[in-house]
Amino acid sequence: MSGFPYAEQFGINRTLPEEGVDKDVVLSMLSSMSLAEDPVWESGQCSGTMYCGDHDHYDYLNLAFSYFSYVNSLQRDMCPSATKFEAEIIAMTLDLLGARNLTDTTPAGLITSGGSNSIAHAVLAYREHHPTAGRANMIKPETAHPAFSKAGHLFGVDMKIAPVDPDTTQVDLEWVKANIDAHTVALIGSAGNYGYGTIDPISELGALALEHDIGLHVDGCLGGFILPFGRELGYEIEPFDFSVPGVTTISADTHKYGYALKGTSVLCFADKALRNDQYFYLTDWSGGKYCSPGMDGSRSGGLLAATWAAMVHLGRSGYRHYAEKIFATSSAMQAAIREHPSLRIMGKPTFLFSFTSDEFDIYLVNDFLRTRGWRMNGQQYPNAIHMAVTRPQTLPGVVERWSVDLADAVAYAATHKDEAAKSGAIYGGVAGGPSEESDALIKFFMADMMDKQSAVPPL
Ligand SMILES: *Cc1c(COP(=O)(O)O)cnc(C)c1O
C-alpha cells in the first residue's frame, strides 16, 4: 500500500469518518504506534532529540499539561496561572543565565514555540531596535544554526557568514571585526553550536558588540540549560551568558536540555526595551484593539504549565545531576574515539562531540554504526558525524556498546575505504546522496522529502 505509514494496520483516513471511532479504539491505535516508535531511542543509541527519555517524567509533564491543555494563554484575564508560569519560567531562565549581573538594564524574556522561533524573534527585535538606512545585517558564524538564515530571509535581514577556524571550529574574530558595517545590527555566537558542540569566543564578540554599540545574540538553544551546570561541575567552559559584557540576547530551549515537552523555548533579553520593540499592536481593528508579545496568536496554557512543572520539579540539583551524567558519558564516548588514531575529534567539544577521519570517509563509519542501531547526525565540509549526548545515553551499558561498535565500524571503514558511503548529511533526516550533486538537484530531493512528510494519502 505505497508505504503510507501504518496503512496495513490501521487503514487510511482520507475523509472525516462519518461516524466517529470509539475512544478506546483510537487510543489503542495511538498507543501501539507510540510503542512501536519509542524503542528507536530507548536503546540510548540516538543522538539528541530525546533529551530526557524518562517515561515517568513524561507522564508527570503530560499530567501538568492536561490541566491547561485547552487554555489559550493569550486571553490572560481568564488564566492568571499562565502569568505565574510564564513569568517564573523567564525569571528562572534569566537567573540561570547570569542576569543578576545586569544592573543597568531591566532583563526580560519571551517564551516561544522552539529554538528557531526564539532566534526569529531575536532577529526581528534587532531589526526593529536598530533602524538602519538600508537593509540591516547580522554577522553569523558559519556554524550557527540555519534558523538565523531563515529569520533573515523572513525579515529581510542579511546574514554575513563569518568563517570558522577549521581546528577549533570557533568563529574567526578578525573576519567579524573587519565586516561590521553601518548596517550591522547584531553579532551572533553559539554556546554551543549544533554541529560540533563547541562554543564561540563570546567575551571577545561581546567586546566587539560594545565597541560598535550593536547587539550580541548567544544561541544557547542547545547549551542554555546544560552548560551552566557543566561549569558548576568544573568542566572547562568559558563564560557565555549575561555575565559577559555585551551579550544582549540568549536563546535557551526548554524543550531540549530543559527536559520540558516539545514546543517551548525561552528568549532572554538583557533589556526589556529590545524585547518590546518587536511587540505587535493593531489598535484600530474593527475586531477590537489587538496586541501580541510575539509572532504567535493563541498559545497553549498547557505547554507553559508543563514547562514550569519540569523546571520547578527538577530544580538546580536535578539539572546538575543529569548534567553530571551527560558530561561524564560524553567524555567516555570521546575517550573511545581517541582510541582510534584514524579518527579526529573536531575542536573542544562539550556534551556534544563531532568527529571525522583524514583516512577514510567518516560516512563509512556511520553506515556501519547504523547497522548496529546507532542514529548519529551528519555534517559536511568536512564530512563528520556527531552525537548530542542526552539522558538515554547515560543508561548502563551504552558507553560499552559504543566502544565495541565504534571499533567494528572503524575496521569496516578501513577495509571499505575505496567504496562510496551510503549515508550523507541532512539535518534532522537521514536521506543520503552524494554531496557533489548540484544545488538545484539537492533541493529537488529535499523538497520531495518534505512533500512526502505531509502528502495527502494515496487513494
Ligand atoms: C535545536 C537548535 C536550534 C533550533 O531549535 P528548534 O527548537 O529545532 O527550532 C537552534 N540552535 C541550536 C544550537 C540548536 O541546537
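Residues numbered from 1 in each chain as written. Predicted model: local features only at pLDDT ≥ 70, side-chain atom pairs only at ≥ 80, totals over all residues. Heavy atoms only, no water.

K.L.:
Describe the sheet that holds strand β10 (residues 343-345), and please don't skip the residues or the numbers.
P.N.:
Strand order in the open sheet made by the four strands is β10-β11-β13-β12, with antiparallel pairing throughout. Looking at the sheet topology across the chains shown, the edges are occupied by β10 and β12 (377-379). In this sheet, neighbouring strand axes are inclined to one another by 30° on average, regardless of whether the strands run parallel or antiparallel. When strand β11 (residues 352-357) meets strand β13 (residues 384-388), the two strands line up antiparallel, connected through four bridges. Residue pairing across strands places Phe353 opposite Met387, the latter belonging to β13. Sheet strands in contact with helix α12 (residues 301-338) are β10, β11 and β13, and its direction is about 10° off that of β11. (Pairing = 2+ DSSP bridges. Helix = DSSP H or I, 4+ residues; strand = E, 2+ residues; numbered from the N terminus. Axes fitted to C-alpha atoms, helices over the stretch in contact; angles between N-to-C directions. Contact = heavy atoms within 4.5 Å.)

K.L.:
Please set out the side chain of Lys256 residue by residue, giving values where relevant.
P.N.:
As for its placement among the helices and strands, Lys256 is situated in the loop between β6 (249-252) and β7 (265-269). A relative accessible area of 17% means that Lys256 is categorised as buried. Excluding residues within four positions of it along the chain, Lys256 makes contact with Tyr51, Cys221 and Leu222. (Buried < 20%, exposed > 50% of the residue type's maximum accessible area, 1.4 Å probe, protein only.)

K.L.:
Hey, could you go over helix α5 (residues 80-96) for me, with residue numbers and the actual values?
P.N.:
Between the first and last C-alpha of α5 there are 24 Å, a value that for 17 residues agrees with the 24 Å anticipated at 1.5 Å per step. Those residues of α5 that sit buried are Ala82, Phe85, Glu86, Ile89, Ile90, Thr93, Leu94 and Leu96. Along the axis of α5, the buried residues cluster in a sector spanning 165°; they form a single face. The inward-facing, buried residues of α5 contact β1 (108-112), α10 (227-232), β6, β7 and α12. (Expected span 1.5 Å × (residues − 1). Arc of directions from axis to C-beta.)

K.L.:
Hey, could you go over unusual backbone geometry for me, with residue numbers and the actual values?
P.N.:
Between Ala191 and the following residue, Gly192, the backbone shows a cis peptide bond with an omega angle of -15°. Turning to its location among the elements, Gly192 is positioned in the loop between β4 (184-190) and α9 (202-212). Look at the link from Tyr381 to Pro382: it is a cis peptide, with omega at 0°. When you line up the elements, Pro382 lands in the loop between β12 and β13. With phi around 55°, Thr49 is a residue other than glycine that occupies positive phi space. Assignment of secondary structure puts Thr49 in the loop between α3 (39-42) and α4 (55-66). For Thr49, a relative accessible area of 36% translates into the label partly exposed. Located in the positive-phi region is Tyr381, a residue other than glycine, with phi close to 55°.

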